[in-house]
Amino acid sequence: MFCGMAFMAAGPVFWYLAGMALDVRAISLGPDKVDVLEWVSIAVSLLLSLCGAALGLAGWGLASWHAWRAVRQPGGL
């Protein structure tokens, strides 16, 4: 669950840092390469954020399932 939150936070951070790096090199790369690299940074940022959300939901579901099993067992808590 906590790894998922870290991945969700890493997505926007990566997008911001990649944008800053592209701004520095925009003149030497040319407009076509900059456009492609901006789309790649957006795709990677979304991938990180969505994978983090899936990992966080999976961790939350696993934790709630274990809590439900502990409550259901006699003398579980």
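Residues numbered from 1 in each chain as written. Predicted model: local features only at pLDDT ≥ 70, side-chain atom pairs only at ≥ 80, totals over all residues. Heavy atoms only, no water.

Quick word on a nonpolar patch on the surface
At step 1: Together, Val13, Trp15, Tyr16, Leu17, Met20, Trp39, Ile42, Leu46 and Leu50 give the surface a local cluster of nonpolar side chains, amounting to about 1,000 Å² of exposed area.
At step 2: Of all elements in the fold, only helix H1 (2-29) and helix H2 (31-72) reach the threshold of two or more residues within the nonpolar patch.
At step 3: Among the elements that make up the nonpolar patch, the one with the highest residue count is H1 (5 residues).
At step 4: Along the polypeptide, Ile42 turns up in helix H2. (Patch = residues over 30% accessible without salt bridge, like charges linked within 9 Å, V, L, I, M, F, W, Y side chains within 5 Å. Areas by Shrake-Rupley, 256 points an atom, 1.4 Å probe, with all protein chains shown as cover. Salt bridge = Lys/Arg side-chain N within 4 Å of Asp/Glu carboxyl O. Helix = DSSP H or I, 4+ residues; strand = E, 2+ residues; numbered from the N terminus.)

Let's talk about the side chain of Ser45
At step 1: Inspection of the secondary structure puts Ser45 in helix H2.
At step 2: Taking relative accessible area as the criterion, Ser45 reaches 7% and is therefore assigned buried.
At step 3: Within the structure, the side chain of Ser45 is placed 2.7 Å from the backbone oxygen of Ser41, a separation counted as a polar contact.
At step 4: With sequence-adjacent residues up to four places away left out, Ser45 is seen in contact with Gly11, Phe14 and Trp15. (Buried < 20%, exposed > 50% of the residue type's maximum accessible area, 1.4 Å probe, protein only. Polar contact = N/O pair within 3.5 Å; in protein donor to acceptor, adjacent residues only side chain to side chain. Contact = heavy atoms within 4.5 Å.)

What to know about the environment of Ile42
At step 1: The exposure class of Ile42 is partly exposed, given its relative accessible area of 33%.
At step 2: Each C-alpha atom, one on Ile42 and one on Pro12, is 9.1 Å from the other, the two residues being 30 residues apart in sequence.

Any functional reading would require information that these geometric values do not contain.
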